[in-house]
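Each chain, letter by letter, is given below.
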Amino acid sequence: MKKPLVSLLLSALLLALCLAGCQKTGDPRREEGVIAVGIGQDLNSSLSPYQLTTAGTREVMFNVYEGLYKPAFDGSLVPALAETVAVSDDGLVYTFTLRGGVTFHNGKKLSAADVVWSYETCRDTTTDANVKSILTGTVESVRAADDRTVVITLKQRDGDFLAYAASVYIVPSGYDKLDTEPVGTGPFRYVSRKVQEEIVFARYDSYWGSKARLKQVTFKVYESGTALVMALDAGTIDMAAHLTGAQIKGLSDRYTVLEGTMNLVQGLYLNNRVAPLNDVRVRRALAYAIDTDQMMKLTADGRGTKVGSAMYPAFGKYFDDSLTDLYKTDAARARQLLAEAGYPDGFDLTIIAPSNYTPHVDTAQVLAEQLKAVGVRATVREVEWNTWVSDIYAGRQFEATVCGFDASTMTAGAMLNRYVSDSSKNMCGFSSPEYDALMAQAASLNDDARRTELYREAERVLAEECASVFLQDMADFVAVRTGLTGYRFYPLYVMDLSTVGWEN
Amino acid sequence: MRYIGKKLLTLLATLLAVSFLSYAAFEMIGDPVATILGTNATPEAAAQLRADMGLDRPLPLRYGEWLWHFMGGDMGTSYIYRLPVREMIGEKLAVTLIMTLMAVILTVAVSVPAGAWLARREGRPVDKVFTVLNQILMAVPPFFVAVLLTVVFGLLLRVFTPGRFVPYTESWPLFLFYMIFPALSVALPRIAMTTKMLRASALEELGRDYILTAYSRGHSRRSALKAHALKNAMLPVVTFLAANAAEMLAGGIVIEQLFSVPGIGRLLLSSIGTRDIPVVEAIVLILAVWVMLIHLIGDILGQILDPRVRL
Amino acid sequence: MAKQPVKNKNPFAGNWFLTAGAAITVFMILFTLLGQIWTPYDPSLPDENAMSLAPSPAHWFGTDSFGRDILSRVMNGAGTTLLIAFLVVLIGGIAGVIIGSLTGYFGGVVDEVLMRICDLITAFPSILLALIILRIMEPGVKNVVWVLAILFVPSFARVVRTEFARCRTQNYVKLARLQGAGPFRIMLRHILPNVWPVLLPAVSIGFNNAVLAEASMSFLGVGVSASEVSLGRMLYDSQNTILRGAPWYALTVGLVIVLMILGFSLLGEGLRQRNR
Amino acid sequence: MDKILEVRDLNVSYTTEGTLFRKKEVQKVLKDVSFDLYAGEALGLVGGSGSGKTTLARAVLGLLPRYEGTVTHYTPRPQVIFQDPSSALNPARTVGWIMEEPLLIHGKYDAPERRRRILAMLEQVGLSEEYLDRHPSELSGGQKQRVLIAAALIVRPRLVVADEPVSALDVTIQAQILKLLAEMRRRHGLSYLFISHDMNVVYQLCDRVMVMQEGRIVETGAIDEIFQHPKHPYTRQLIEAAN
């Protein structure tokens, strides 16, 4: 009868395929200067420089796009497409002279007209509210004095303007395929992509600065944590960033693990509009009840850096370490504050965490247990990312949520503006006249030392008023195949691969 | 013929209903604006973007427009990736279809001989052992099977490197090789079920009187089974496989994630997450057509194999 | 008088499946019930000095990355999973019986419409349905129950429909109609008692699939949320520790799930053999 | 005697649904059938298999979805006794339940009254009280038929349609059931429409008989008249086959 014959044929086919697949794949990558980088989320957004909302896309596209200035790995701003800048005494007129010999990935030479077009397109289409308010509110005009000089005039002084200049990426004027085939001036140029599979960059050989060490980088997408770990164990990928404590434990010695910070402030953000969280004593009670050290030990083997306010250490001068232990864990003090505020036997609290960020979900579970110890009946509810952004972040329908806020530009405002009472990004609904005054004063000054002092003062108000319970800047583990050197951590959420290469 | 006509008509009507319901679903679970803007969302920016994308227009209008384009073959552009939907879906659909097909072939190739073999040995110890094994195999969640397969064949025996996927555009043999394990993870619980079912229906057929007459004409139990019983025993299996092929597709999403296979299931899951309506609509419709066609083929096959079955 | 065949009082005799199935299921139910009132440790209390311990006399199933005792969590979590499976089968079953009986008994337009709705449900991606319900209702156990219940209706409906269609042609139904019984009385008092034997295996298979589905939904992140621990959720949490030096987490949870499902499926198989 | 059933120009045809392989066909099963049935009378209906006997019975009982012509009953609730008793008894229910159900449907009697009537009827058909909680699967063919008869008569029908009631039973039991049917007729003044393919059975029970061939009544007459002087060749054929 036909049946057994068919199955015989099939098993023979399977056997043949097994042999075909078994030959050991050699390791050509090292010789050709090619690496594969594992990323946990596809670049699921347009690749246009002005639509880079998801952090995962922003960190990768850092290798393709550049602005007039560029952040260096120590957080300072260095000249990029602009060779020099002259700022008028009243701080309102910035004159940039463009660097000579710079070309875009499609070979077109950089000119002032490209800069003007880029600024106008950015002003009209950017999805980043901060940048948009600067380009529409603060910037008066952007014009090309001549082919290699761009003059930007401001309506009012802004000490941080250079940092914003770094975040407006320059693209060839009139180029309309930015969404799908990006063209920039960076050390790597975009080659190709397959949705949910991989994105391929190649070294841009006529880059104006020091060329990238690698010939080609392929970012491989692994949406499942287990799949990423299996790829690491099997050696399919050479590098992977943002790994959790659990994922690096027991990693084979084929990789070395570098530890940096995620450059964000993870916190239990409280909705100050909602009772009982509108009472500062209740918020302080929560801060006293929470033991960040125990939480960090449980979720990341104790790694990560504690913070006391809405600023993370990599910001350098703005970070005030003295606030870190303002609320030393003290359950008795927490109970007493709760009693004072009229909640002797605690209250119900729902902590919401975005389900696609496991570290935030883990933290929320640990915090819930710690709060139960002082009588606050906390439960954790997970919410899908899209729902978190629209209902919680924008909709503000929450009591407490665990998430992390990062800075898209190297400006103190990027972290502190959201607590100004009338700011459209004020998720927590925190409002303190003293805080608003300090922030307004700092923004208007040009003297950097005085501004830094005002920002630190503002952070102290946030800590003392306990706008939210600020926890940590989480540890960021990067596994790099041994022999691959040069990876450097930035204070921003970026993955600079231009300095990475194989040891010879 | 009228019967087929009627069936096709209901199929079309249900397809339309499915496409409209999934389109309307997005009224409830939100639109892509939140994903696009992310934490930079401000109420004004959100309203502006919604207007630019035409999402503020009434639902029936948008659905009608989408359907009209879709009929014309234009699947529209992804709200999130800004790529033409047809381009994104093409290869992924092929990958998932091939994986499901391999799973079906594996199921038939293994369970038909196994079922028949067990039917012949009914009651013997080996039959008891396999029946228990079958029950256990049916009880194991598919993604658990996937992880175990990867650990055993991938990490321990190093037969394949986990996390690697070779597109068929690159090399067919390697592609098929890497697809064996995901297909096996999808197929394993089905193999157990189909074997059990085939064994049961084969036994039933063996009990029928036309087999007794076959014995009297000198057939041994083995040849009787081969000549007559198996063909009739195949009927329930065919309809079972038809229903299962559709289910295998849905089960595949989890497997695709674990084996990082860029299939249609993964894209559907992530597109729903980012509320990428055009992509979801196209996939939902294609999957619905697939499910319906399979049921239709199952019905027709059922009728050909056994005219007594009146549907 | 003619001889009366004595009813086989002990249904278990010789029916190996039924005994094994019943034994495992009863054990699992006791294991779960105990878990709701007493567990060796507090299932949700993290302990930083006992993180990711291997199974030991102190912790039979070991501890998870938060130092929580896995055995306690499994005993407690099994309750949620069983509750979900029970509610899903109950709601899905009742709706399935109603739809099945209507379509099976009346046929014609009613049959056509309701069966098309069932096709609709099977064709509709379950993930989309999950998200819709996640948005409308309070998420967590309730949400998972509603999604799965709706998804399970077609399977029950189809089984009941074929049975009702078969019974409708029997003479005792014609007799009842002649005696003046209305259609609903016939469905409820005459046909339904004959459908139970077919429904029981379907119910046990339903339990089996509900436990599997709950695990897959948690796996895709639309299932039970963090505070309401369930077996599916634990398997989801355990997945990245499988290769990271803590395989016992996934294996123990996997074992309990397999045992629970095995119990139901053996019971189902035993019941089906008993009616033949 | 007053008329209790009138059938005029009854025509029934089956159309088989066209499928993938066969085109639609129309088959005429009953052609211009007319007859009357009077109170207390046992009218036999004889014919070979496929002659349309059962279709006529179903038409009389109103179980046919479509037919032309008229069927007029002058008495309430005619009852039926089917050929295959096992499919006519609800396998999931006990004999007691099966007997009580018709009484419940009419809802005229309270519990003790119902029980009394059930026991009385059981006794009449020769079954004892212990059969009440037995399931049909525990009864023999003859016992099942007795329960069916009891269930049919408990609602005091005037007309009973018996469709080959004994042909599924072995010979010894057949005689007992026929004796029981005759006794029930005498005791309750029943009228029968008795359908069979066996002339002997009809002879034992019926006063008048109709002979049916291919859906048409070819001859009608008193039982003795038909037996002594069969006019229609088909009738002669049936009589010779019987003895």
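What you see is a predicted model, and the numbers here were worked out from it, not measured in a lab. (Residues numbered from 1 in each chain as written. Chains lettered and ligands numbered in written order. Predicted model: local features only at pLDDT ≥ 70, side-chain atom pairs only at ≥ 80, totals over all residues. Heavy atoms only, no water.)

Assigned secondary structure in chain C consists of nine helices and zero strands. Dimensions of chain C, computed from the C-alpha atoms along their principal axes, are close to 75 × 50 × 30 Å. Expressed as a percentage of the 276 residues in chain C, the buried residues total 59%. Across chain C, the fraction of contacts at a sequence separation of at least 24, relative to all contacts at a separation of at least 6, is 69%. For chain C, the computed accessible surface area is about 11,000 Å², with 69% contributed by carbon and sulfur atoms. Averaging the coordinates of the 21 positive side-chain charges in chain C and doing the same for the 14 negative ones gives two points 19 Å apart. (Helix = DSSP H or I, 4+ residues; strand = E, 2+ residues; numbered from the N terminus. Buried < 20%, exposed > 50% of the residue type's maximum accessible area, 1.4 Å probe, protein only. Contact = heavy atoms within 4.5 Å. Areas by Shrake-Rupley, 256 points an atom, 1.4 Å probe, with all protein chains shown as cover. Lys, Arg positive; Asp, Glu negative; His and termini not counted. Charge placed at Lys NZ, Arg CZ, Asp CG, Glu CD.)

So, on to the environment of Ile-351 of chain A. All names here are of chain A. Here Ile-351 shows up in strand β15 (residues 348–354). In this structure, the C-alpha to C-alpha distance between Ile-351 and Val-380, residues 29 residues apart in sequence, is 4.8 Å. Setting aside chain neighbours within four positions, we find Ile-351 in contact with Leu-268, Ala-364, Ala-368, Leu-371, Ala-378, Thr-379, Val-380, Arg-381, Ala-400 and Val-402.

This paragraph deals with the sheet that holds strand β2 (residues 25–38) of chain D. Residues and elements named next belong to chain D. The antiparallel open sheet is built from three strands, whose spatial order is β2-β1-β4. The sheet is open, and its two borders are formed by β2 and β4 (68–73), each paired with just one other strand. Strand-to-strand, the axes of this sheet are offset by a mean angle of 20°, without reference to chain direction. Two elements, strand β1 (residues 3–16) and β4, share five bridges in a ladder whose sense is antiparallel. Looking at the pairing, Leu-5 lines up with His-73 of β4. Against the sheet, helix α1 (residues 53–61) touches β1, β2 and β4, its axis set at about 120° to β1. (Pairing = 2+ DSSP bridges. Axes fitted to C-alpha atoms, helices over the stretch in contact; angles between N-to-C directions.)

Quick look at the interface of chain C and chain B now. On the chain B side, the residues contacting the 34 residues of chain C number 38 residues. Contact between chain C and chain B buries roughly 3,300 Å² in total, counting both sides, with carbon and sulfur atoms accounting for 82%. Considering only the side of chain C, the residues that lose the most area to chain B are Leu-120, Leu-128 and Phe-219 of chain C, jointly responsible for 16% of the buried surface there. Joining chain C to chain B, the criterion identifies zero salt bridges. At the level of secondary structure, the elements contributing two or more residues to the side of chain C that touches chain B comprise α1 (16–37), α3 (108–123), α4 (126–136), α7 (183–219) and α9 (247–275) of chain C. No other element matches the eleven residues that α9 of chain C contributes to the side of chain C that touches chain B. Here the residues of the side of chain C that touches chain B sort into 25 nonpolar, three polar and six charged. (Buried area = accessible area lost by both parts, 1.4 Å probe. Salt bridge = Lys/Arg side-chain N within 4 Å of Asp/Glu carboxyl O. Nonpolar A, V, L, I, M, F, W, Y, C, P; charged D, E, K, R; others polar.)

Glancing now at helix α2 (residues 70–106) of chain C. Look at α2 of chain C: 52 Å from first C-alpha to last across 37 residues, which is about the 54 Å you get at 1.5 Å a residue. Looking one or two residues beyond α2 of chain C, the residue adopting positive phi is Gly-107 of chain C, at roughly 65°. (Expected span 1.5 Å × (residues − 1).)

One recurring pattern in soluble globular proteins is that nonpolar side chains are buried together. Counting residues in hydrophobic clusters, the biggest one holds 148 residues, and the most contacted among them are Ile-89 of chain B together with Val-74 of chain C. In terms of domain composition, this core takes at least three residues from each of domain 1 (18–71) and domain 2 (89–310) of chain B. Ile-89 of chain B has contacts with Met-75, Ile-264, Leu-267, Val-279, Ala-282, Ile-283 and Ile-286 of chain B, leaving out every residue within four places of it along the chain. Core analysis: the next-biggest nonpolar cluster, separate from the first, contains 110 residues, Cys-122, Ala-166, Leu-484 and Val-494 of chain A among them. (Core = buried A, V, L, I, M, F, W, Y, C linked by side-chain atoms within 4.5 Å. Domains from an automatic or database assignment.)

This part is about the packing of α2 of chain C against α3 of chain C. All names here are of chain C. Across the interface, α2 lies against α3 with an axial gap of 7 Å and an inter-helix angle of 145°. You can see that α2 and α3 cross each other, and the crossing is left-handed. Residues Ile-99, Leu-102, Thr-103 and Phe-106 of α2 pack against Gly-108, Val-110, Asp-111, Leu-114, Met-115 and Cys-118 of α3. Residues that form the contact of α2 with α3 fall into these classes: seven nonpolar, two polar and one charged. (Left-handed = near helix turned anticlockwise from the far one by under 90°.)

All names here are of chain A. Judged by pairing direction, the sheet is mixed, and its six strands sit side by side in the order β14-β18-β13-β17-β15-β16 without closing on themselves. Two strands in the sheet have a free side with no partner beyond their single neighbour: β14 (305–306) and β16 (377–383). The strands that helix α12 (residues 358–372) touches are β13 (264–270), β15, β16, β17 (400–406) and β18 (469–473); relative to β15, the one it contacts most, it runs at about 165°.

This brings us to the interface of chain B and chain A. Many structure descriptions define interface size as the accessible area lost when the parts assemble. Tallying the contact residues gives 50 residues for chain B and 48 residues for chain A. Buried area between chain B and chain A, summed over both chains or domains, comes out near 4,400 Å², and the portion from carbon and sulfur atoms is 64%. Of all residues in chain B, the largest losses of buried area upon contact with chain A belong to Thr-39, Asn-40 and Tyr-81 of chain B, amounting jointly to 15% of the total for that side. The interface formed by chain B and chain A holds three salt bridges in total. Seen at the junction of chain B and chain A, the total is eleven residue pairs in polar contact (both at pLDDT 80 or more). Breaking the side of chain B that touches chain A down by element, the ones donating at least two residues are α2 (33–37), α5 (85–120), α7 (142–156), α8 (172–207), α10 (221–258) and α11 (264–273) of chain B. (Polar contact = N/O pair within 3.5 Å; in protein donor to acceptor, adjacent residues only side chain to side chain.)

All names here are of chain D. Taken together, the six bridges between strand β8 (residues 208–213) and strand β9 (residues 216–222) define a ladder with antiparallel strand orientation. Bridge pairing in β9 links Arg-208 to Ala-222. The hairpin turn running from β8 into β9, its antiparallel successor, is two residues long, and Glu-214 in that turn takes a positive phi close to 45°.

Moving on, we get to the domain arrangement of chain B. Residues and elements named next belong to chain B. For chain B, the assigned domains are domain 1 (18–71) and domain 2 (89–310). Facing the twelve residues of domain 1 at the interface are ten residues of domain 2. Here domain 1 and domain 2 share an interface that buries about 1,100 Å² over both sides, 78% of which is from carbon and sulfur atoms. Ranking the residues of domain 1 by area buried against domain 2 places Phe-26, Trp-66 and Phe-70 at the top, with a combined share of 40%. Applying the counting criterion to the domain 1 and domain 2 interface returns zero salt bridges. Contributing elements (two or more residues each) for the side of domain 1 that touches domain 2: α1 (2–29) and α4 (59–71). Element by element, the count of residues in the side of domain 1 that touches domain 2 is highest for α1, at six residues.

Bringing the pattern of salt bridges into the picture now. Residue and element names in this part refer to chain A. Considering all chains together, one arrives at 49 salt bridges over all chains under this definition. Across the salt bridge formed by Lys-306 and Asp-293, the nearest N and O atoms sit 3.1 Å from each other. Of this pair, Lys-306 sits in strand β14 while Asp-293 sits in helix α10 (residues 292–300); the two residues are 13 residues apart in sequence, bridging distant segments of the chain. The closest approach of N and O atoms between Asp-325 and Lys-306, which form a salt bridge, is 3.0 Å. Residue Asp-325 is found in the loop between β14 and α11 (331–340), and its partner Lys-306 is found in strand β14; the two are separated by 19 residues along the sequence. You can call Asp-325 partly exposed: its relative accessible area is 42%.

This part takes up the confidence of the model for chain B. Residues of chain B with pLDDT of at least 70 account for 82%, and the chain-wide mean is 80. Within chain B, no element has a lower average pLDDT than helix α9 (residues 209–216) of chain B, which sits at 65, and none a higher one than α4 of chain B, at 89. (pLDDT = per-residue confidence, 0-100.)

So, about the packing of aromatic side chains. Given two aromatic rings, one states the distance between the centres and the angle between the planes to describe the pair. Residues and elements named next belong to chain A. Using the criterion set out here, one finds 41 aromatic pairs over all chains in the structure. Centre to centre, the rings of Tyr-269 and Phe-405 are 4.8 Å apart; their planes meet at 70°, and the pair counts as edge-to-face. Residue Tyr-269 is located in strand β13, and its partner Phe-405 is located in strand β17; the two are separated by 136 residues in the primary sequence. Each member of the pair, Tyr-269 as well as Phe-405, is classed as buried. For the ring pair Tyr-393 and Phe-405, a centre distance of 6.3 Å and an interplane angle of 55° mean the geometry is tilted. Residue Tyr-393 is found in helix α13 (residues 385–394), and its partner Phe-405 is found in strand β17; the two are separated by twelve residues along the sequence. (Phe/Tyr/Trp six-rings, centres within 6.5 Å; stacked < 30°, edge-to-face > 60°.)

Residues and elements named next belong to chain D. Mapped onto the fold, Glu-219 is located in strand β9. Buried and without a salt bridge, Glu-219 has Lys-231 as its closest oppositely charged side chain, separated by 4.3 Å. A distance of 2.8 Å separates a polar side-chain atom of Glu-219 from the backbone nitrogen of Lys-231. A polar contact is formed between the side chain of Glu-219 and the backbone nitrogen of His-232, at a distance of 3.0 Å. Discounting residues that sit within four places of it in the chain, Glu-219 has contacts with Val-209, Met-210, Val-211, Ile-226, His-229, Pro-230, Lys-231, His-232 and Thr-235.

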